[in-house]
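# Structural description and commentary
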Amino acid sequence: TVTLALFALYRRSLGRSLPAVSARPAAPLTDRVLLGAAVFCAALPLVSATSTLAKLSMEWLGIPISQQEIADLFATAHSPWLLMALTGAAVVVVPIGEELLFRAGIFRISMRYLPRWAALLLSATAFALLHSNTVHFAPLLVLGIVFTLAYERTGSLLVPVIAHGLFNLNSIVRILAGVGGTS
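Quick caveat, the model's predicted, so the values are computed rather than measured. (Residues numbered from 1 in each chain as written. Predicted model: local features only at pLDDT ≥ 70, side-chain atom pairs only at ≥ 80, totals over all residues. Heavy atoms only, no water.)

The next thing to look at is the confidence of the model for the chain. Summarising the model, the chain shows a mean pLDDT of 86, and 84% of its residues fall at 70 or more. Ranking the elements of the chain by mean pLDDT puts helix 1 (residues 2–14) last, at 52, and helix 5 (residues 116–130) first, at 96. (pLDDT = per-residue confidence, 0-100. Helix = DSSP H or I, 4+ residues; strand = E, 2+ residues; numbered from the N terminus.)

Okay, here's the thing in structure tokens:
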């Protein structure tokens, strides 16, 4: 609803259409799904490296490292129904909502007013800040940049939605396996 409100406000206040993300025609559905999986695979080592550096830096600076609240919820969920509901939300609902807000909303609208690099950083920074966790800020900033570049390059919101869903699923599997959340 926030994204729809942003689009309505934008259209009402300026009356102009949003800038195109890509002049390319949309790829077939299977190609976009495969591209989403490829974006996830490309992002994972970048996010893992950034996460490791962030954790080491925080330890070196003596800053306490905390897990995201949602990771605690997954780790302590005793009901299989709750776990399935949380997983469905994290893998389907959240990626759709966040990609609509940050890529189709903030990035596209800010492209009208800001240079490309600033619109990209604004969208990625807002995405990282939403998750409210100091140690995960830098890795999520990198992830937001990758998702925004994927959206811009392909012109399809489905590509970052698939990558985002796979990233969240990977994080859930890691939490349940006792390995950790963000990489």
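Text resumes after the structure shown.
Contact pair helix 5 / helix 6 (residues 134–154): the axes reach a minimum separation of 8 Å and the direction vectors enclose 130 degrees. Between helix 5 and helix 6, the angle is such that the two are oblique. Considering only the axes of helix 5 and helix 6, their crossing is right-handed. Touching Arg116, Leu120, Leu121, Ser123, Ala124, Thr125, Phe127, Ala128 and Leu129 of helix 5 are Phe137, Leu140, Leu141, Leu143, Gly144, Ile145, Phe147, Thr148, Leu149 and Glu152, all from helix 6. Residue composition of the contact of helix 5 with helix 6, by class: 13 nonpolar, four polar and two charged. (Axes fitted to C-alpha atoms, helices over the stretch in contact; angles between N-to-C directions. Parallel < 35°, antiparallel > 145°, perpendicular 65-115°, else oblique. Left-handed = near helix turned anticlockwise from the far one by under 90°. Contact = heavy atoms within 4.5 Å. Nonpolar A, V, L, I, M, F, W, Y, C, P; charged D, E, K, R; others polar.)

So, on to the side chain of Ser110. When you line up the elements, Ser110 lands in helix 4 (residues 80–111). For Ser110, a relative accessible area of 7% gives the class buried. There is a polar contact of 2.7 Å between the side chain of Ser110 and the backbone oxygen of Ile106. Once residues within four sequence positions are removed from consideration, Ser110 is found in contact with Ala119 and Leu122. (Buried < 20%, exposed > 50% of the residue type's maximum accessible area, 1.4 Å probe, protein only. Polar contact = N/O pair within 3.5 Å; in protein donor to acceptor, adjacent residues only side chain to side chain.)

Below, the discussion takes up the packing of aromatic side chains. Counted under the stated rule, the structure contains three aromatic pairs. Between Phe107 and Tyr151, the aromatic rings sit 6.5 Å apart at their centres with planes inclined by 75 degrees, giving edge-to-face as the arrangement. One end of the pair, Phe107, is in helix 4; the other, Tyr151, is in helix 6, with 44 residues separating them in the sequence. Here the two residues Phe107 and Tyr151 agree in accessibility, since each one is buried. Centre to centre, the rings of Phe127 and Phe147 are 6.2 Å apart; their planes meet at 65 degrees, and the pair counts as edge-to-face. With Phe127 in helix 5 and Phe147 in helix 6, this residue pair connects regions lying 20 residues apart in the sequence. Taken as a pair, Phe127 and Phe147 share a single burial class, namely buried. Ring pairing ties together the aromatic residues Phe102, Phe127 and Phe147, which thus form one cluster. For Arg103, the ring lying beneath its charged end belongs to Phe127, and the centroid distance is 4.8 Å. (Phe/Tyr/Trp six-rings, centres within 6.5 Å; stacked < 30°, edge-to-face > 60°. Lys NZ or Arg CZ within 6 Å of the ring centre and 35° of its normal.)

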